[in-house]
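Here's the letter readout for the chains.
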Amino acid sequence: MVRLLEGEDTNRMDALSDGVFAIVLTLLVLQFQVPDADATGVPAALADQRPLLFSYLLSFAVVGLYWIVHHNLFQRIVRHDRVLLYLNLLFLLTVSFLPFPTELLGIYGTHFTWTLYALNFSFVGLSLTLLWWYAYRRGFTDETVDHRTGRLVTVRGLISPVVFLVSVGVATVSLSLAFVTPILIVPLQMLWARYYERGRE
């Protein structure tokens, strides 16, 4: 029988995760390059990088959001085993890949590159939701997490992946509309929070 090697804290998981997030956020900005143009051509060259700037800002915002969510979840996850370690590594794998599709999208801006970009973010959300679901089901969360909370947090984790998957379909109709589809994550998250607070009352 495989030993799962359970432990009482998640400090090393937190430290590794924070390090990966810091590297990813740094790599996102390194995709920008100083234009190879004379002084009069710099404004036009910078204007050509607008798609890259948009993809950078969107990626930074969503990666930052996932860092906050990961931090909040691990305020409630107080124990771990080997499976949880692997699930956290899977999540970090999906996060660390993000600079590549972000740069592709910024340079080419096609339906294919948006699909790759959106699928990557969907995998990020799904892997983090799986991590939470496993920790909750295994009883690795603290006493403040009851059955209802565990279930609702799991559902909340699916909002972002679903929105990005929907954006892939939207991109077949309008790529510009697909770019703004992730904005739906914000009101949907707010609706979830309102529903959760209403249930607690």
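Predicted, not measured: the structure shown is a model, and the values here were computed from it.

The next point concerns the nonpolar core. The biggest cluster of nonpolar side chains holds 46 residues, and the ones touching the most others in it are Ile77, Leu84, Trp114 and Phe121. Sorting the residues of this core by element identifies α1 (11–29), α3 (50–76), α4 (82–96), α6 (111–137), α7 (147–157), α8 (159–173), α9 (175–180) and α10 (185–200) as the ones contributing at least two each. Looking at this core element by element, the count peaks at eleven residues for α6. In this view, Trp114 contacts Leu58, Leu105, Ser167, Val168, Ala171, Leu175, Ala178, Phe179 and Pro182; residues no more than four positions away in its chain are not counted.

Turning our eyes to something else, we now look at the UniProt feature "transmembrane region" (unreviewed entry) in the chain. Using the residue numbers shown here, the UniProt feature "transmembrane region" (unreviewed entry) corresponds to residues 15–33, 53–71, 83–102, 114–136 and 157–185. Note that residues 114–136 is 100% helix and 0% strand, and that its end C-alpha atoms are spaced 33 Å apart.

In this section: the packing of α3 against α6. Viewed as axis vectors pointing N to C, α3 and α6 meet at an angle of 5°, and their least axial separation amounts to 11 Å. As the angle between them shows, α3 and α6 are arranged roughly parallel. Side by side, α3 and α6 meet where Ser55, Leu58, Ser59, Val62, Val63, Tyr66, Val69, His70, Leu73, Phe74 and Arg76 of the first sit next to Trp114, Tyr117, Phe121, Val124, Gly125, Leu128, Leu131 and Trp132 of the second. Here the contact of α3 with α6 is composed, by residue class, of 14 nonpolar, four polar and one charged.

Glancing now at the packing of aromatic side chains. The full count for this structure, using the stated rule, is nine aromatic pairs. Taking 4.9 Å as the distance between ring centres and 15° as the angle between the ring planes, the aromatic pair formed by Phe121 and Phe164 counts as stacked. Linking Phe121 in helix α6 with Phe164 in helix α8, this pair joins segments that are 43 residues apart in sequence. Assessed through its relative accessible area of 0%, Phe121 is described here as buried.

Attention now goes to the side chain of His70. Structurally, His70 is set in helix α3. Side-chain polar atoms of His70 contact the side chain of Asn88, separated by 3.0 Å. Once residues lying within four places of it in the same chain are set aside, the contact partners of His70 are Ser17, Phe21, Asn88, Phe91 and Leu128.

Rules and cut-offs
- Residues numbered from 1 in each chain as written.
- Predicted model: local features only at pLDDT ≥ 70, side-chain atom pairs only at ≥ 80, totals over all residues.
- Heavy atoms only, no water.
- Core = buried A, V, L, I, M, F, W, Y, C linked by side-chain atoms within 4.5 Å.
- Buried < 20%, exposed > 50% of the residue type's maximum accessible area, 1.4 Å probe, protein only.
- Helix = DSSP H or I, 4+ residues; strand = E, 2+ residues; numbered from the N terminus.
- Contact = heavy atoms within 4.5 Å.
- UniProt positions renumbered as here; feature names shortened; annotations may be inferred.
- Axes fitted to C-alpha atoms, helices over the stretch in contact; angles between N-to-C directions.
- Parallel < 35°, antiparallel > 145°, perpendicular 65-115°, else oblique.
- Nonpolar A, V, L, I, M, F, W, Y, C, P; charged D, E, K, R; others polar.
- Phe/Tyr/Trp six-rings, centres within 6.5 Å; stacked < 30°, edge-to-face > 60°.
- Polar contact = N/O pair within 3.5 Å; in protein donor to acceptor, adjacent residues only side chain to side chain.

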